[in-house]
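# Overview (structure and organization)
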Amino acid sequence: MAYGGIEAGGTKWVCAVGDGDGVLTESVSFPTTEPQQTLERAIEFFATQADLQGIGVAAFGPVDVRRNSAEYGHIAATPKPGWAHFDLLTPLRERFGVPVAIDTDVNAAALAEGRWGSGRGLENFVYVTVGTGIGGGLVVGGQPVHGLLHPELGHMRIPHNRERDPFPGCCPFHGDCLEGLASGEAMRQRHGIRAEQLQDDAAWELEADYLASAFTNIFYTVSTERIIVGGGVPQRPGLLEMVRERVRALVAGYPDAEGVAEWLSADEFIVAPGLEGQAGALGAIALVS
Ligand code: ZN
């Protein structure tokens, strides 16, 4: 069996074919240009593949992922030129005549991590990516949460001590939301240097505090069993350990039920992804396989 997957990112697209069992057999990648042209390149790639059973799309958001919506599969309002209300699914469905499905890139990555990566065996877990922006996919009872549209974990509010951190935040909508304070872009604007090159310990302690606030909120909201943290910023050696320590301190022993404290103290509560850079493409395939 062969399944197609598109990781439709804001800067690049990855088109892949896999066996539906967590293995990619072929993939190509190209920059995101204007929508029609980008989608045509994807169609050209899939046209060379035999026996595709379905195509899944893991899209940058916001995107309409409500299956009963007239705009299912359309990119929602976005500042990205030309992409607002672009229909990603109909051209694929018409050209290939196979089932097509779409979800957010982070919900798809969460699904892939649940099937083949760091979320295996769990019904309730969260995948968070901390890169240029911050996004998150929630899996509750084995299903990705959509709700009114889809979760936007990156825009939750967290405490911001302006004496310690006078940076006003970089989110164009909210200023100092989580993404505005703790994304790679926020770090670059605050410190004037990219996160990969940042060596200042105090800067990383601030980052760990912000992520710990967010992860504590996630834990208390959905009682998640695991938080899988992907993206470029958590590549910093030692960052996840700092975040774990702070989450334990913020939780402060509550709730005190058998096994809960032990679970939170285990290194398995906040973990790195198991699928490295493949979670997006595998997640797209997971939507149709
Ligand atoms: Zn925001």
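Per-chain numbering applies: the sequence of each chain, read as written, is numbered from 1 onward. Totals for whole chains, interfaces and linings use all residues, but because this is a predicted model, local features are given only for residues with pLDDT of at least 70 and pairs of side-chain atoms are given and counted only at 80 or more. The side-chain figures draw on all heavy atoms in the structure; neither hydrogens nor water molecules are used.

## Focus on the overall build of the chain
What counts, and what does not: Think of it this way: any DSSP run of H or I at least four residues long counts as a helix, any run of E at least two long counts as a strand, and we number them from the N terminus. Only the C-alpha atoms count toward the radius of gyration. The rule for a globule is 2.2 Å times the residue count to the power 0.38. For each residue, the accessible area found with a 1.4 Å probe, counting protein chains only, is set against the maximum for its type, and the residue is called buried under 20%, exposed over 50%, and partly exposed in between. Throughout, a residue-residue contact means that at least one pair of heavy atoms, one from each residue, lies within 4.5 Å. The protein chains shown are the only cover counted for residues, whose accessible areas, like all others here, come from Shrake-Rupley with a 1.4 Å probe. Only four residue types enter the charge count, namely Lys and Arg as positive and Asp and Glu as negative; His and the chain termini do not. To locate a charge, take NZ of a lysine, CZ of an arginine, CG of an aspartate or CD of a glutamate.
A tally of helices and strands in the chain yields nine helices and ten strands. Here the C-alpha atoms of the chain give a radius of gyration of 19 Å, agreeing with the 19 Å that 2.2 N^0.38 yields for 289 residues. Principal axes of the C-alpha set define a box for the chain whose edges measure 55 × 45 × 35 Å. The burial tally for the chain puts 53% of its 289 residues in the buried class. A sequence separation of at least 24 residues applies to 63% of the contacts in the chain between residues at least 6 apart. With an accessible surface of roughly 13,200 Å², the chain has 50% of that area assigned to carbon and sulfur atoms. Across the chain, the 20 positively charged side chains and the 37 negatively charged ones have centroids separated by 3 Å.

## Let's talk about unusual backbone geometry
Omega for the bond connecting Gly 61 with Pro 62 falls within 30 degrees of zero, at -5°, which places this linkage in the cis form. Among the secondary structure elements, Pro 62 is positioned in the loop between β4 (52-59) and α2 (90-96). In this model, Tyr 254 is joined to Pro 255 through a cis peptide bond whose omega is 0°. Tracing the sequence through the fold places Pro 255 in the loop between α7 (239-251) and α8 (260-265). The backbone phi angle of Ser 223 is positive, close to 50°, even though this residue is not glycine. As for its placement among the helices and strands, Ser 223 is situated in the loop between α6 (201-222) and β9 (226-230). At Ala 252, a position not held by glycine, the phi torsion is positive, near 55°. Checked against the element boundaries, Ala 252 lands in the loop between α7 and α8. On the accessibility criterion, Ala 252 (59% relative accessible area) is exposed.

## Re α7
Quick note on the threshold: Take the number of residues in a helix, subtract one, and multiply by 1.5 Å to get its expected span.
For α7, built from 13 residues, the straight-helix expectation of 18 Å at 1.5 Å per residue is met to within 8% by its first-to-last C-alpha distance of 18 Å. The complete set of buried residues in α7 reads Leu 239, Leu 240, Val 243, Arg 244, Arg 246, Val 247 and Val 251. Residues of α7 that are buried sit in contact with α6, β9, α8 and β10 (270-271). Downstream of α7 by a residue or two, Ala 252 has a phi angle that is positive, lying close to 55°.

## A look at the domain arrangement of the chain
A common way to report how large an interface is uses the accessible area buried once the components associate. Applicable threshold: Here the bounds of each domain stem from an automatic or database domain assignment. Buried surface area refers to the total accessible area, computed with a probe of radius 1.4 Å, that the two partners give up upon joining, counted for both partners together. Here, a salt bridge means any Lys or Arg side-chain nitrogen found within 4 Å of an Asp or Glu carboxyl oxygen. Counted as a polar contact is a pair of N or O atoms within 3.5 Å, where, for protein atoms, one must be capable of donating a hydrogen and the other of accepting one, and residues adjacent in sequence contribute only when both atoms are in side chains. Three classes are used: nonpolar for Ala, Val, Leu, Ile, Met, Phe, Trp, Tyr, Cys and Pro, charged for Asp, Glu, Lys and Arg, and polar for all others, with Gly counted as polar.
The domain architecture assigned to the chain consists of domain 1 (2-105 + 278-286) and domain 2 (118-273). Distance between the C-alpha centres of domain 1 and domain 2: 27 Å. Between domain 1 and domain 2, the contact holds seven residues from the first and six residues from the second. The contact between domain 1 and domain 2 buries some 590 Å² in all, and 62% of this surface belongs to carbon and sulfur atoms. Taken as a group, Val 65, Arg 66 and Asp 103 account for 52% of the area that domain 1 buries against domain 2, more than any other trio of residues on that side. Summed over the shared surface of domain 1 and domain 2, the number is zero salt bridges. Linking domain 1 with domain 2 are two residue pairs in polar contact (both at pLDDT 80 or more), by the criterion used here. Tallied by class, the residues present in the side of domain 1 that touches domain 2 amount to three nonpolar, one polar and three charged.

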